[in-house]
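Each chain, written out:
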Amino acid sequence: KHTEQLSSIKYCISGAAPLPAKIRSDFEAITHGKLVEGYGLSEASPVTHCNPLNENCRDGSIGVPFSSVDSTILDQHTGSPVPVGEIGEIMVKGPNIMKGYWNREDETKAIFFNGWLHTGDLGKMDKDGYFYVVERAKDMIITGGFNVYPREVEEVLFHHPAVQEAAVAGTPDEYRGETVAAFIVLKPGIEPSEDTRQDIIHYCKGQMAGYKVPRIVEFRKSLPKSLIGKVLRRELHVTRQ
């Protein structure tokens, strides 16, 4: 019955938070509609990129810039363009970009660079001009000198059969600087246990480099979210070591 009620869906656009590939494929399988990911920020009124609503949609991509919007990837430290496929900060400019923050001159100066607006998001662009968000710069985890992008780990966790929701964040570690921690909401009917915890860790070890594997896995009944359903990583704190 519920599937029939969703049968009228043709197209949906996801935004505000990264769209896990597993959720996209499950949604399309149930509705037979198309779900694509877009991107934007409040300072851009508020959308800058979106995937085409056709066969040119690309998994994991936020698509291409809208008409009249320019976007590029710049090195965070030097402000220089980075080569195709390499990670830097996503920058945007266009007629939809704000002129500045009201009565906050210093913050306005800080967010603009040669006419480009800093988004604060790390990303990359492929050879065809499709953009990909890797992570919020402030959410990147540095563990033992290696960079870990929470979204990459979350994508793996979503494919584990016991996982309903997942969020990854860094937690302070005296030896590594930060440790990768995963916060998991299990699917209905699955009870938290040490066996489940170890099974999730073992699954991750088979899917990613060792330094990316969560060393801490905590089960939660729910994850903290904003009013629009975006997981608030800053409110995730480890309760056990």
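First, a word on scope: everything that follows refers to the structure included in this document. Here the structure is a predicted model, which is why all the values come from computation and not from measurement.

## Some words on unusual backbone geometry
Here the residue pair S45 and P46 is connected by a cis peptide bond, since its omega of -10° sits within 30 degrees of zero. Positive phi values are uncommon outside glycine, yet H32 reaches one of about 65°. Mapping H32 onto the fold places it in the loop between helix 2 (21-31) and strand 2 (34-40). Phi angles above zero are rare outside glycine, and N114 is one such case at about 50°. By the secondary structure assignment, N114 is in the loop between strand 7 (112-113) and strand 8 (116-125).

## Describing the pattern of salt bridges
For the coordinates displayed, the defined rule picks out 18 salt bridges. Between D121 and R136 there is a salt bridge; the shortest N-O distance is 3.3 Å. You can see D121 sitting in strand 8 and its partner R136 sitting in strand 9 (residues 131-136), a full 15 residues away along the chain. On the basis of relative accessibility, which here comes to 28%, the residue R136 falls in the partly exposed class. A network of salt bridges, in which partner residues are shared, links R58, D126, K127 and D128.

## Observations regarding the nonpolar core
Side chains of nonpolar character tend, in soluble globular proteins, to be buried together. Ranked by internal contacts, the top residues of the largest apolar core, which has 21 residues, are L157, V168, I184 and I200. Secondary structure elements with two or more residues in this core: helix 4 (150-157), strand 12 (163-173), strand 13 (177-186), helix 5 (194-205) and strand 14 (216-219). If you tally residues by element for this core, the top one is strand 13, at four residues. When neighbours within four sequence positions are excluded, I200 is seen to be in contact with L157, H160, V163, I184, L186 and F219. I90, V92, I97 and V133 belong to the second-largest nonpolar core, a separate cluster that totals 14 residues.

## A few points about the sheet that holds strand 12
Read across the sheet, three strands follow the order 12-13-14 without closing on themselves; strand pairing throughout is mixed. The open sheet has two edge strands with one neighbour each: strand 12 and strand 14. Strand-to-strand, the axes of this sheet are offset by a mean angle of 25°, without reference to chain direction. Two elements, strand 13 and strand 14, share four bridges in a ladder whose sense is parallel. Note that in strand 14 the partner of A181 across the bridge is I216. With respect to the sheet, helix 4 is in contact with strand 12 and strand 13, its orientation differing from that of strand 12 by roughly 145°.

## A look at a nonpolar patch on the surface
Nonpolar side chains collect at one region of the surface, where Y11, I13 and L53 lie side by side and expose about 320 Å² of accessible area between them. Following the sequence through the fold, I13 ends up in strand 1 (residues 11-14).

## So, the side chain of R233
Looking at the secondary structure, you find R233 in the segment after strand 14. Among the residues examined, R233 registers a relative accessible area of 16% and is labelled buried. A polar contact of 3.0 Å, which involves the side chain of R233, links it to the side chain of E154. In this view, R233 contacts E135, D139, P150, R151, E154, V168 and A169; residues no more than four positions away in its chain are not counted.

## As for the packing of aromatic side chains
Under the criterion given, the structure shown has one aromatic pair. Seen in terms of ring centroids, F146 and Y211 are 4.4 Å apart; in terms of plane orientation they differ by 20°. Their pairing is stacked. With a gap of 65 residues between them, F146 in strand 11 (residues 146-148) and Y211 in the loop between helix 5 and strand 14 connect regions that are remote in the sequence. Judged by its relative accessible area of 44%, F146 is partly exposed. We classify Y211 as partly exposed; its relative accessible area is 33%. The ring of Y130 has R58 sitting right over it, with the charged end atom 4.1 Å from the ring centre. Sitting above the plane of the Y101 ring, R104 keeps its charged end 4.8 Å from the centroid.

## Observations regarding the side chain of E28
As for its placement among the helices and strands, E28 is situated in helix 2. A residue is classified by how much of its surface remains accessible, and E28, at 19% relative accessible area, is buried. Other than its neighbours up to four places away in sequence, E28 contacts G33, K34 and L35.

Each value, and the rule that gives it
- Each chain carries its own residue numbering, running from 1 in the direction its sequence is written.
- With pLDDT at 70 or above as the cut-off, local features in this predicted model cover only qualifying residues; side-chain atom pairs require 80 or more to be listed or tallied, and sums for whole chains, interfaces and linings still use all residues.
- Remark: hydrogens and water are excluded; side-chain values derive from all non-hydrogen atoms of the structure.
- Only runs of H or I of at least four residues qualify as helices and only runs of E of at least two qualify as strands under DSSP, and these elements are numbered from the N terminus.
- For this document, the term salt bridge refers to a Lys or Arg side-chain nitrogen within 4 Å of an Asp or Glu carboxyl oxygen.
- Throughout this description, buried means an accessible area under 20% of the type-specific maximum (1.4 Å probe, protein chains only), exposed means over 50%, and partly exposed covers the range between.
- Remark: nonpolar core denotes a set of buried residues (Ala, Val, Leu, Ile, Met, Phe, Trp, Tyr, Cys) joined through side-chain atoms within 4.5 Å.
- By the convention used here, residues are in contact when the closest approach between their heavy atoms is within 4.5 Å.
- Strand pairing requires that DSSP identify at least two bridges connecting the strands.
- Axis geometry follows a simple rule: fit a line to the C-alpha atoms, using only the stretch in contact for helices, then measure angles between N-to-C directions, giving values from 0 to 180 degrees.
- Think of a patch as exposed residues, more than 30% relative accessible area, with no salt bridge, where like charges cluster within 9 Å and nonpolar side chains (Val, Leu, Ile, Met, Phe, Trp, Tyr) cluster within 5 Å.
- Note on areas: these come from Shrake-Rupley sampling with a 1.4 Å probe, and a residue is covered only by the protein chains present in the view.
- Any pair of N or O atoms that falls within 3.5 Å is considered a polar contact. Within protein, one atom must be able to donate a hydrogen and the other to accept it, and sequence-neighbouring residues count only if both atoms are side-chain atoms.
- Only Phe, Tyr and Trp rings take part, Trp by its six-membered ring, and two of them pair if their centres are within 6.5 Å. Stacked means planes under 30 degrees apart, edge-to-face means over 60, and tilted covers everything else.
- Each ring is checked for a lysine NZ or an arginine CZ that lies within 6 Å of its centre and within 35 degrees of its normal; such an atom marks a charge sitting over the ring.

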